[in-house]
Structures are given as C-alpha cells and as structure tokens.
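Each chain is listed here by its residues.
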Amino acid sequence: MLKSISLLLLTGIALFAAEPSAYVTDAEVQAAVKAMDPARPAVNVLLKTIEERNYKVSLVVVRRTPEPGVEDIGQSHELITEIYQIVSGSGEMETGGTEVDTESVDLKPAVGPTLRGKIVGGKIRKIGPGDTIMMLPHVPHRFSHLDGTIVYLATRIEATHK
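In this convention, every chain numbers its residues from 1, walking through the sequence in written order. With pLDDT at 70 or above as the cut-off, local features in this predicted model cover only qualifying residues; side-chain atom pairs require 80 or more to be listed or tallied, and sums for whole chains, interfaces and linings still use all residues. To obtain the side-chain values, all non-hydrogen atoms of the structure were used and water was disregarded.

**Here's the deal with the nonpolar core**
Formally: For the purposes of this section, nonpolar cores are sets of buried Ala, Val, Leu, Ile, Met, Phe, Trp, Tyr and Cys residues that join through side-chain atoms within 4.5 Å. Exposure categories follow from relative accessible area, calculated using a 1.4 Å probe and restricted to protein chains: below 20% of the type maximum is buried, above 50% is exposed, and the middle band is partly exposed. Strands here are runs of E lasting at least two residues and helices are runs of H or I lasting at least four, both read from the DSSP assignment and numbered beginning at the N terminus. In what follows, a contact means two residues having at least one pair of non-hydrogen atoms within 4.5 Å.
Counting 13 residues, the largest nonpolar core has Tyr84, Met93, Ile127, Ile133, Phe143, Ile150 and Tyr152 as the members making the most contacts within it. Looking at this core, the elements with two or more residues in it are strand 2 (55–64), strand 4 (80–88), strand 9 (132–135), strand 10 (141–146) and strand 11 (150–159). Among the elements that take part in this core, strand 11 stands out by supplying 3 residues, more than any other. Ignoring sequence-local partners within four residues, the contact set of Ile127 consists of Ile86, Gly89, Ser90, Gly91, Glu92, Met93, Ile133, Phe143 and Ile150. Counting 9 residues, the second-largest nonpolar core is a separate cluster that includes Met36, Val43, Val61 and Val151.

**Overview of the sheet that holds strand 9**
Under the convention used in this document: What makes two strands pair is DSSP finding at least two bridges between them. Lines are fitted to the C-alpha atoms to define the axes, a helix being fitted only along its stretch in contact, and any angle between axes, read from their N-to-C directions, falls within 0 to 180 degrees.
Pairing is antiparallel in the open sheet, where 5 strands are placed in the order 1-2-11-4-9. Two strands close off the open sheet at either side, each with one partner strand: strand 1 (42–52) and strand 9. Taking the axes of each pair of neighbouring strands and ignoring which way they run, one obtains an average angle of 15° across the sheet. In the packing of helix 2 (residues 26–34) onto the sheet, the strands contacted are strand 1, strand 2, strand 4 and strand 11, and the crossing angle to strand 1 comes to about 145°.

**Things to note about the confidence of the model for the protein**
Inclusion rule: How sure the predictor is of each residue is captured by pLDDT, a score from 0 to 100.
When pLDDT is averaged along the protein, the result is 86, and 87% of the positions lie at 70 or above. In the predicted structure, residues 1–19 sits below a pLDDT of 50 and forms 4 contacts with residues beyond four places in sequence or in another chain.

**Quick notes on the pattern of salt bridges**
Operational definition: When a carboxyl oxygen of Asp or Glu is within 4 Å of a side-chain nitrogen of Lys or Arg, the pair counts as a salt bridge.
For the coordinates displayed, the defined rule picks out 6 salt bridges. Asp72 serves as the salt-bridge partner of Arg64, at 2.9 Å between the closest nitrogen and oxygen. Of the residues examined, Asp72 reaches a relative accessible area of 23% and is grouped as partly exposed. Between Arg142 and Glu94 there is a salt bridge, and its shortest N-O distance comes to 2.7 Å. In this pair, Arg142 is assigned in strand 10 and Glu94 in strand 5 (residues 91–95), connecting sequence segments 48 residues apart. Look at Arg142 and you get buried, because its relative accessible area is 12%. Judged by relative accessible area, which is 6%, Glu94 ranks as buried.

Spelled out as structure tokens, the structure:
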C-alpha cells in the first residue's frame, strides 16, 4: 500500500513539475526582425511554441508596414486568444464591435479558422511601444491606422481540447 501511495505521489509530482516553459530573449526577437524580408508588408516569424495537455501557446514576432491606399481588414479568430505587445512603432488599433460583409478563411497554421470583414461599432485606441492588447476568440480586431512600420510580439493561445 505504501509503495502504491509513493508511486502515485511521484507520478503526480512528475505531472506538475514537468510543465513546459520557454524563454525568448530580446536578442532572438531582434535577430528575427533583422532577418525579415523588407519587401514584404507583413511578416510573421514563429519564435517558440509550447504545448501540453489542452493548451498550445505560440510566440510570434510580427512586422507590419502600411501599404499606401490599402486599408487593414478586420478579423476574428474562432479558436485563438491573441495578446499583442508593441515593440516599436505606433498607430491605432480597433477592437470589438461586429464584423459585416465577412468571409471565412483558414489561416493555418498561425491562427486557424478566421472571419474577415468590416468592423462596425469597434473601439479605436492609440497604441505604441510597451502597450499590450488582449483579444479573446471571436473578438474583431484590426490596425485602423499605422504611423509607419510596427513590430509587435503576438502571443497566441489555443485551447486544443485533446
């Protein structure tokens, strides 16, 4: 009996002590940004992913450069919670409201099933370095205006329900 209890305790400790973690240094972020193709207006580079049980968490560095005459379209993801941390650049972010004139797209592997469309009734906020924006699944969001190139870290959290 004592042997069974000890084994059960050791197994339980192993389950909780082995939680994955990942560290990303500023040098890794800066190297990824430096390696991005300057001719592309939007670049995503996956830095790290950890996954255990029912969750998958990915950290991506994104660089967006506005294109003259091109308006950013709203999007909302079915499965992904996103957290943006602005590294450099500034502009305005629109979140919330509803999307109209939508189309369904699958943006695998980055964010999966997504609706794209025009946002109506969203809230626009100024954003800049150090700001953080959190969006749950189904929350419409877009950059309504960029002052120039913006770089941000996107943490993407997915409940995988395995």
